[in-house]
Amino acid sequence: MPGRRRIAVRKSPIHGRGVFATQDIATGDLVCEYKGKLVPWESAARAVSQDPAQPDHTFLFDLGNGYVIDGGLGGNSARWINHSCEPNYLPELDGTRIFIRAGRHIASGEELSIDYALVSHEPRSKSLRDRYRCHCGAPRCRGTMLAGRRSR
């Protein structure tokens, strides 16, 4: 249906809010752009979390060039896309812009997800994995939002 929004933000079984398809989305379809303020990574790393109860919760999307898009500053609904170890969408980098494309067919009502593949400068430990524990429920969940090997 032309003009109808393809996604909506609502309560998520994974974590807090999530982004859900409001209609079927075909593999490869452009879903939206991840919007927010372009910020140097160093500045973003020094910024205080907006939620002291969840100090590790941010809306930063690393561009890999020393900058991030901070979806918490002027961002759109894409900032609510949750992590999954078996994501259904893929980010597409175009300079300093991130576009979100369906990595497979996404059924109406399904939550959109991405593999955050977080990287930390702290040594990998049980404490670090627990801070970034994954709740995606995927059959091959690695137990953490950190990049790399399975931890469960």
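What you see is a predicted model, and the numbers here were worked out from it, not measured in a lab. (Residues numbered from 1 in each chain as written. Predicted model: local features only at pLDDT ≥ 70, side-chain atom pairs only at ≥ 80, totals over all residues. Heavy atoms only, no water.)

Draft legend 1. Spatial organisation of the sheet that holds strand β8 (residues 89–94). Judged by pairing direction, the sheet is antiparallel, and its three strands sit side by side in the order β3-β9-β8 without closing on themselves. One side of each edge strand has no neighbouring strand; the edge strands of this open sheet are β3 (30–34) and β8. Taken over all neighbouring pairs, the strand axes of this sheet differ in orientation by 30 degrees on average, direction set aside. Where β8 and strand β9 (residues 97–102) come together, six bridges link them in antiparallel fashion. (Pairing = 2+ DSSP bridges. Helix = DSSP H or I, 4+ residues; strand = E, 2+ residues; numbered from the N terminus. Axes fitted to C-alpha atoms, helices over the stretch in contact; angles between N-to-C directions.)

Draft legend 2. Local environment of the packing of aromatic side chains. Tallied over the full model, the rule gives two aromatic pairs. Geometrically, the ring pair formed by F59 and W80 is edge-to-face, given 5.0 Å between the ring centres and 80 degrees between the ring planes. On the criterion of sequence distance, the pair formed by F59 in the loop between α1 (41–46) and β5 (60–62) and W80 in the loop between β6 (67–70) and β7 (82–83) is long-range, its members being 21 residues apart. For F59, a relative accessible area of 14% translates into the label buried. According to the relative accessible area criterion, W80 is buried, its value standing at 17%. Sitting over the ring of W80, R17 keeps its end group 4.6 Å from the ring centre. The ring of F59 carries R79 above its face, with NZ or CZ at 5.8 Å from the centroid. (Phe/Tyr/Trp six-rings, centres within 6.5 Å; stacked < 30°, edge-to-face > 60°. Buried < 20%, exposed > 50% of the residue type's maximum accessible area, 1.4 Å probe, protein only. Lys NZ or Arg CZ within 6 Å of the ring centre and 35° of its normal.)

Draft legend 3. View of the pattern of salt bridges. Inspection of every chain in the model, using the stated rule, returns nine salt bridges. R97 is the partner of E33 in a salt bridge, and the nearest nitrogen-oxygen pair spans 2.8 Å. In this pair, E33 is assigned in strand β3 and R97 in strand β9, connecting sequence segments 64 residues apart. Look at E33 and you get buried, because its relative accessible area is 14%. You can call R97 partly exposed: its relative accessible area is 40%. (Salt bridge = Lys/Arg side-chain N within 4 Å of Asp/Glu carboxyl O.)

Draft legend 4. Highlighting the sheet that holds β6. What the three strands build is an open sheet, ordered β4-β6-β5; its pairing is antiparallel. Across the chains shown, the open sheet's two edge strands, defined by having one partner strand only, are β4 (37–40) and β5. When strand polarity is set aside, the average angle formed by the axes of neighbouring strands in this sheet is 35 degrees. Two strands pair when backbone bridges link them, and β5 and β6 are joined in this way by three bridges, in the antiparallel orientation. When the sheet's bridge partners are listed, D62 is paired in β6 with V68.

Draft legend 5. Summary view of the environment of L146. By the secondary structure assignment, L146 is in the segment after α2 (126–131). For the pair formed by L146 and L118, sequence separation is 28 residues and the distance between their alpha carbons is 4.3 Å. Once you skip the residues sitting within four places of it in the chain, L146 turns out to touch A117, L118, S120, R124, L128, R129 and Y132. (Contact = heavy atoms within 4.5 Å.)

Draft legend 6. Here's a closer look at the pairing of β3. Extensive coverage of β3 is indicated by the burial of four of its five residues. Of the strand pairs in this sheet, β3 and β9 are connected by four bridges, and their pairing is antiparallel. Paired with L30 across the strands is R101, a residue of β9.

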